[in-house]
Amino acid sequence: MTRPRVLFVNHSSLLSGAELVLADAVGPWRGATAFLFEDGPLAAALAARGLAVEQAGMGRALAGLRRDSSPLRALPLAGRLAALTLALAGHARRHDLVYANSQKAFILAALATAAVRRPLIWHLHDILDPVHFGPAQRRLQIGLAHARAARVVVPSAAVAESFVAAGGRRDLLTVVPNGLDVIPDPRPRSELRRALGLPEGPLVGAFSRLAPWKGQHVLLRALARLPGVHGVVAGSALFGEDAYAAELEGLAATLGLAGRLTFLGQRSDVPRLMQAMDVVVHPSIHPEPFGRTLVEAMLAGVPVVATDAGAAAEILDGGRAGTLVPPDDPAALAAALARILAGEAAPAAAVAVARTRARTLYPVGRMQDEIAGIIGRVAREARA
Ligand code: UDP
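Residues numbered from 1 in each chain as written. Predicted model: local features only at pLDDT ≥ 70, side-chain atom pairs only at ≥ 80, totals over all residues. Heavy atoms only, no water.

Caption draft 1: Looking closely at unusual backbone geometry. Although it is not a glycine, Arg117 adopts a positive phi angle of roughly 55°. When you line up the elements, Arg117 lands in the loop between α5 (103-116) and β5 (120-123). Its identity as a non-glycine residue notwithstanding, Asp328 has a phi of 55°, on the positive side. Structurally, Asp328 is set in the loop between β13 (323-325) and α14 (330-341). (Helix = DSSP H or I, 4+ residues; strand = E, 2+ residues; numbered from the N terminus.)

Next up, the structure:
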């Protein structure tokens, strides 16, 4: 059987976790097409992997549509959305199957593929709960999933359960954990720190885009309780959370963290930075759909402290591969960090468990094979 002609679709071209997953997932799909609503680093990443990248060039306006707002907010953009959907339908017609990697992409792809009768796979990367999506958004997504999705790929049981809780059909779901391959830097921690310009002494870091639900403020409040401990916060406000970024800087000043907290901005060397830490912290205050950051920390061979919400417990094996603390609780986070930094907790065993677990369960090849299998099955069923 010949390989199906796949059209991968994503609305954003910025590199948050979902886009990094897509860039990894398309590894075996050299020669396939990607349709993006805007230009940006994802376009370059996909082109570097041998995909033909088509850009709508009119999707920037969509970035302003918050996912928790009513779909009626999209009305003033109706003309552009219709043009985008038509362009998408034109590309879909020349392919056997459409693979939508973001929820905005899925909504438009659902309409486009209905018009040209092509099967559609939705890779859902988000927890479909009221924290992130308004009720009308959730109804729309579930309705379109039932009407149009041949399969809904999710990265964790946490996302699967949120889809079902929002009214989604369980039989549509396949859990495919995100996969990551990281080549470790051979240099010892002290040498890495010098090379990266990081301070000596106890050092903890968080490595996520800046957004209120990612909880960087909880780390800052925990650091305020840990004199002598330095912190780094990598990441930027990718999706317009600039007010939160400014708030974090203000909070650091208020808490008197000047001199022992560094904001690194958006980095492209996160795994190496993680290797230079004593502890990696993942302080999300709402359930995490997956958390590539967690797996990167496990592969870096560094103790991880994460909040016990969403997929973190799945990935950290209920706490055997890292320390779980309650969300939004700076005192609990500070206590966990203090125990690890003082050598009172024994993280070496957890670090070894974590590394083996990450290498076994979350290699990129496994994710690519599972996604290719799903694409192949859906394409075959559509031909039958
Ligand atoms: N990341 C990055 N540079 C930064 C901060 C984060 O490249 O400065 C990467 C991080 O290494 C991870 C991804 O962004 O691979 C975030 O994925 P995750 O699933 O943790 O969160 P999401 O952004 O999807 O909510």
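Okay, back to it.
Caption draft 2: Molecular detail of the packing of helix α12 (residues 292-300) against helix α15 (residues 347-361). Their axes nearest at 7 Å, the elements α12 and α15 cross at an angle of 120°. In this view, α12 runs oblique relative to α15, as classed from their interaxial angle. The interaxial crossing formed by α12 with α15 has left-handed handedness. Contact residues: Val295, Met298, Leu299 and Ala300 in α12; Ala354, Arg355, Arg357, Ala358 and Arg359 in α15. Of the residues assigned to the contact of α12 with α15, the class counts are six nonpolar, no polar and three charged. (Axes fitted to C-alpha atoms, helices over the stretch in contact; angles between N-to-C directions. Parallel < 35°, antiparallel > 145°, perpendicular 65-115°, else oblique. Left-handed = near helix turned anticlockwise from the far one by under 90°. Contact = heavy atoms within 4.5 Å. Nonpolar A, V, L, I, M, F, W, Y, C, P; charged D, E, K, R; others polar.)

Caption draft 3: Looking closely at the nonpolar core. Membership of the largest hydrophobic core comes to 71 residues, with the highest contact counts inside it found for Phe106, Val152, Phe163 and Phe207. Considering each element in turn, this core owes the most residues, eight residues, to α5. Once residues within four sequence positions are removed from consideration, Val152 is found in contact with Trp122, Leu124, Ala145, Phe163, Leu172, Leu173 and Thr174. Residues Leu220, Tyr244, Val281 and Leu337 belong to the second largest nonpolar core, which totals 31 residues. (Core = buried A, V, L, I, M, F, W, Y, C linked by side-chain atoms within 4.5 Å. Buried < 20%, exposed > 50% of the residue type's maximum accessible area, 1.4 Å probe, protein only.)

Caption draft 4: Seen up close, the site of the ligand. Around the ligand, 17 residues are found, and the nearest of them are Lys214, Arg267, Arg292, Thr293 and Glu296. Between the ligand and the protein, one listed contact pairs an oxygen atom with a side-chain N or O atom of Thr293 at 2.6 Å. When the ligand is considered free in solution it has 550 Å² of accessible area, and contact with the protein chains removes 90% of it. Only α1 (17-25) and α12 provide two or more residues apiece to the shell around the ligand. (Near = heavy atom within 4 Å. Polar contact = N/O pair within 3.5 Å; in protein donor to acceptor, adjacent residues only side chain to side chain. Areas by Shrake-Rupley, 256 points an atom, 1.4 Å probe, with all protein chains shown as cover.)

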